Protein chains: 2
Amino acid sequence: MSRRTIFFVSDQTGVTAETLGHSLLTQFDGEDFNQVTLPFIDTVDKADAAVRQINAVAQDEDTRPIIFSTIVQDDLRERFLPASGLLLDFFETFLNPLERELHVKSNHTIGKAHGLGDARQYDQRIEATNFALDNDDGARIRDYEKADIILIGVSRSGKTPTCLYLALSYGVFAANYPLSEDEFESGTLPSVLEKYRKKLYGLTIGANRLQQIRKERRPLGRYASMQQVSYEIRSAEALFRRYQVSYIDTTESSIEEIASTILNSTGVERRNRP
Amino acid sequence: MSRRTIFFVSDQTGVTAETLGHSLLTQFDGEDFNQVTLPFIDTVDKADAAVRQINAVAQDEDTRPIIFSTIVQDDLRERFLPASGLLLDFFETFLNPLERELHVKSNHTIGKAHGLGDARQYDQRIEATNFALDNDDGARIRDYEKADIILIGVSRSGKTPTCLYLALSYGVFAANYPLSEDEFESGTLPSVLEKYRKKLYGLTIGANRLQQIRKERRPLGRYASMQQVSYEIRSAEALFRRYQVSYIDTTESSIEEIASTILNSTGVERRNRP
């Protein structure tokens, strides 16, 4: 099977082209793709240089490249029409039906998505990221009033990456608190968490997976032993049930899936969209 | 002007639908959109419930909703055809041309993008996130051998969110080191950084913006004074020039723009695509 080169072409960061292209390509399992992002193509000269790069690849390889484009300016977009490749143009395809529906012409201007855009909304993402860092791992508990969500679970169940993702992508204020011996032995939540019971969301994880993750961090000792890992998971899940805290098993889930499930089930508002 | 409801419908997380829709909607400045994500629509029953929700909104509001769909299974997708709204169907539109080009049928299966997918690649994202946290703010300098990039800059120039974004989105190992009095006074980089000079990338920021950000953290004292802020920025930029470290001004840039610029200019490989 021959290798196919994929170009993500954008007059901006390329994040949208990558996300959309990647979603489509995952539907073609087993194909071999070489992926190249060409961001900030915001002048005719840069567009022509990009087209030369694409054409050079087309000549070198058996198959022509596939080009995912989110270039929005008409004069730049047109430069790609003669490129040697299959051009899939996201804006070209969907802007016209949207313009008809909304009865307005779109701006056709560069640098809207993933730019600073609404500065207030942007500052909230950064603030939410700082909040996640400050309130990671039970580090600070006096800020829970400000939290949208407080994730609880055993060590290495996925709390920190989920909080950071919720902050960076959605501007959601997510704290997390690690359940530990105190809670397992008493079978009760600390009063600081009881007070914010409505904000709690639990993460659990399969014992084998947790053991594998913990072993990478600390291979020796009780921390990664199967006995300890199983005990912690059992105790945590008993707490979730006792306090009627909704929870999700992260074993087979990506961060995106965990985040999306939590937002969907709690109804917490997204302050930003990816 | 009437408010328009936008639905992001997905048999999975909804991240792709949100990204697509958001990119397009930012082209229609000044319109008032109410955005609703309906993820995990993976059964006919859930699809029918989603359609009822859309139709109810269509009846309540003056204008019909717009539906961005990334539902991939044909039998689920079909349920949305009679919905009262403008249906913009991502997979329907782009899978056919891709199938023709690649001479294969796509899987048409749920849950590919933003799922666990390639487990090794996924673990790398988590590992990269842990690396960013462990190597934040100069906390640990013995890991620089493993870093793809080491960001340097004054306090609050955007190093931490950029490192976390590079890790979560791209699986890139990014450390960061805060420049401080030691470096400003001596005009030299610490030897630990000199050794990894090729991995360094600088962040700078406008004085007014930095003052504003610092004031929110620590309103009083020298830290947020204009004199101190200007002095630090001047000194940092002098260091970047002296050591020929590429750098970017983050004042008017989003995290996505900063990350994309750094990857583009250093050629560091993306281990994952958003």
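Residues numbered from 1 in each chain as written. Chains lettered and ligands numbered in written order. Predicted model: local features only at pLDDT ≥ 70, side-chain atom pairs only at ≥ 80, totals over all residues.

**Student:** Outline the overall build of chain A, listing residues and values.
**Tutor:** A tally of helices and strands in chain A yields 11 helices and 8 strands. Its C-alpha atoms give chain A a radius of gyration of 24 Å, clearly above 19 Å, the size a compact globule of 274 residues would have. Taken over the C-alpha atoms alone, chain A extends approximately 70 × 45 × 30 Å along its principal axes. In chain A, which comprises 274 residues, the share counted as buried stands at 47%. Long-range pairs, those at least 24 residues apart, make up 71% of the contacts in chain A between residues at least 6 apart in sequence. (Helix = DSSP H or I, 4+ residues; strand = E, 2+ residues; numbered from the N terminus. Rg over C-alpha atoms; globule rule 2.2 N^0.38 Å. Buried ≥ 20, exposed ≤ 12 C-beta atoms within 10 Å, placed from the backbone. Contact = placed C-beta atoms within 7 Å.)

**Student:** Lay out the environment of serine 23 of chain A with the relevant residues and their values.
**Tutor:** For serine 23 of chain A, the location among the structural elements is in helix 1 (residues 15-25). Residue classification places serine 23 of chain A among the buried positions, given that 26 C-beta atoms sit within 10 Å. Once residues within four sequence positions are removed from consideration, serine 23 of chain A is found in contact with Thr16, Thr70 and Ala113 of chain B.

**Student:** Go over the interface of chain A and chain B, please, and point to the residues and values.
**Tutor:** Counting from both sides, the interface comprises 57 residues of chain A and, opposite them, 56 residues of chain B. Where the side of chain A that touches chain B is concerned, the elements lending two or more residues are helix 1, strand 4 (86-89), helix 4 (90-102), helix 5 (119-134), helix 6 (159-170) and helix 11 (255-266) of chain A. Of the residues that constitute the side of chain A that touches chain B, the class distribution is 26 nonpolar, 22 polar and 9 charged. (Nonpolar A, V, L, I, M, F, W, Y, C, P; charged D, E, K, R; others polar.)

**Student:** Describe the sheet that holds strand 2 (residues 33-38) of chain A, naming the residues involved and giving the relevant values.
**Tutor:** Within a beta sheet, neighbouring strands are joined by backbone hydrogen bonds and run either parallel or antiparallel to one another. Residues and elements named next belong to chain A. Sheet architecture is open: 4 strands sit in the order 2-1-3-4, paired in parallel fashion. Each end of this open sheet is capped by a strand with a single partner; those strands are strand 2 and strand 4. Ignoring which end each strand starts from, the neighbouring axes of this sheet average 20 degrees apart. Of the pairings in the sheet, the one linking strand 3 (residues 66-69) to strand 4 comprises 4 bridges and is parallel in character. For isoleucine 66, the partnering residue across the bridge sits in strand 4 and is leucine 86. In the packing of helix 1 onto the sheet, contacts are made with strand 1 (4-9), strand 2 and strand 3, and the angle to strand 1 comes to roughly 150 degrees. (Pairing = 2+ DSSP bridges. Axes fitted to C-alpha atoms, helices over the stretch in contact; angles between N-to-C directions.)

**Student:** Residues and numbers for the sheet that holds strand 6 (residues 174-178) of chain B, please.
**Tutor:** All names here are of chain B. Read from one edge of the open sheet, 4 strands run 6-5-7-8, paired in parallel fashion. At either end of the open sheet lies a strand with only one pairing partner, and these are strand 6 and strand 8 (247-249). The average undirected angle you get between the axes of adjacent strands in this sheet is 25 degrees. Note: strand 7 (residues 200-204) against strand 8, 3 bridges, orientation parallel. Pairing of leucine 203 across the sheet is with isoleucine 248, part of strand 8. Where helix 11 (residues 255-266) meets the sheet, its contacts fall on strand 5 (149-153), strand 7 and strand 8, and the angle it forms with strand 8 comes to roughly 155 degrees.

**Student:** Tell me about helix 1 of chain A, residues and numbers included.
**Tutor:** The buried fraction of helix 1 of chain A amounts to 11 of the 11 residues, a majority that puts the element mostly inside the structure. Inspection of helix 1 of chain A places Val15, Thr16, Ala17, Glu18, Thr19, Leu20, Gly21, His22, Ser23, Leu24 and Leu25 of chain A among the buried residues, and these make up the whole buried set.

**Student:** So what about the relation of the copies chain A and chain B? Which residues, and what values?
**Tutor:** The transform that puts chain A on chain B rotates by 180 degrees and translates by 0.0 Å along the axis, for an RMSD of 0.1 Å. With respect to symmetry, the two chain copies, as superposed, fit the operation of a two-fold axis. No C-alpha of chain A lies nearer the rotation axis than that of leucine 20 of chain A, which sits 3.4 Å from it. Interface residue correspondence from chain A to chain B reaches 98%, placing this contact among same-surface, isologous pairings. (Least-squares fit on C-alpha atoms with pLDDT ≥ 70 in both.)

**Student:** For the packing of helix 6 of chain A against helix 11 of chain A, give the residues involved together with the corresponding values.
**Tutor:** Residues and elements named next belong to chain A. Running from N to C, helix 6 and helix 11 cross one another at 75 degrees; their axes reach a closest spacing of 9 Å. On the basis of the axis angle, helix 6 is roughly perpendicular to helix 11. Here Pro161, Thr162, Tyr165, Leu166 and Tyr170 of helix 6 lie close against helix 11, whose contacting residues are Ile255, Ile258, Ala259 and Leu263. Looking at the contact of helix 6 with helix 11, its residues break down into 8 nonpolar, 1 polar and no charged. (Parallel < 35°, antiparallel > 145°, perpendicular 65-115°, else oblique.)

**Student:** Help me get a handle on the packing of helix 9 (residues 207-217) of chain A against helix 10 (residues 226-242) of chain A, residues and values and all.
**Tutor:** Geometry of a packed helix pair, given as the angle between the helix axes and the separation of the axes. All names here are of chain A. Orientation of helix 9 relative to helix 10, taken along the N-to-C sense of each, is 125 degrees, at an axis distance of 9 Å. Relative to helix 10, the element helix 9 lies oblique. Relative to helix 10, helix 9 is oriented so that their crossing is right-handed. Between helix 9 and helix 10, the residues in contact are Ala207, Leu210, Gln211 and Arg214 and Met226, Val229, Ser230 and Ile233, respectively. Residue classes in the contact of helix 9 with helix 10 are distributed as 5 nonpolar, 2 polar and 1 charged. (Left-handed = near helix turned anticlockwise from the far one by under 90°.)

**Student:** So what about unusual backbone geometry? Which residues, and what values?
**Tutor:** Its identity as a non-glycine residue notwithstanding, aspartate 137 of chain A has a phi of 60 degrees, on the positive side. Residue position: aspartate 137 of chain A is located in the loop between helix 5 and strand 5 (149-153). The exposure class assigned to aspartate 137 of chain A is partly exposed, which follows from the 15 C-beta atoms found within 10 Å. A positive phi angle, close to 50 degrees, is found at glutamine 244 of chain B, a residue other than glycine. Along the polypeptide, glutamine 244 of chain B turns up in the loop between helix 10 (226-242) and strand 8.

**Student:** If you had to explain the nonpolar core to someone new, which residues and values would you point to?
**Tutor:** In this structure, Ile150, Ala167 and Ala174 of chain A together with Ile150, Ala167 and Ala174 of chain B are the most contacted members of the largest nonpolar core, which totals 86 residues. Apart from the residues within four sequence positions on either side, alanine 174 of chain A is in contact with Ala132, Ala147, Asp148, Ile149, Leu151, Cys163, Leu166 and Ala167 of chain A. Listed in part, the 56 residues of the second largest apolar core include Ile6 and Phe94 of chain A together with Ile6 and Leu88 of chain B. (Core = buried A, V, L, I, M, F, W, Y, C linked by C-beta atoms within 7 Å.)

**Student:** Any details on the pairing of strand 5 of chain B? Residues and values, ideally.
**Tutor:** When a strand is regular, its side chains alternate between the sheet's two faces. All names here are of chain B. Counting buried positions along strand 5 yields 5 of 5 residues, so the element is predominantly enclosed. Every second residue of strand 5 is oriented toward a common face, with Ile149, Leu151 and Gly153 on one face and Ile150 and Ile152 on the other, all of them buried. Handedness of the crossover is the feature at issue here: the chain leaves strand 5, passes through helix 6 (residues 159-170), returns alongside strand 6, and the resulting connection is right-handed. Summarising the sheet, strand 5 and strand 7 pair through 3 bridges and their orientation is parallel. (Right-handed = clockwise from strand over helix to strand, strands pointing away.)

**Student:** How would you explain the confidence of the model for chain A if you had to name every residue and give the values?
**Tutor:** Overall, the prediction assigns chain A a mean pLDDT of 93, with 98% of residues at 70 or greater. In the predicted complex, the global pTM is 0.91; the interface-specific ipTM is 0.90. (pLDDT = per-residue confidence, 0-100.)

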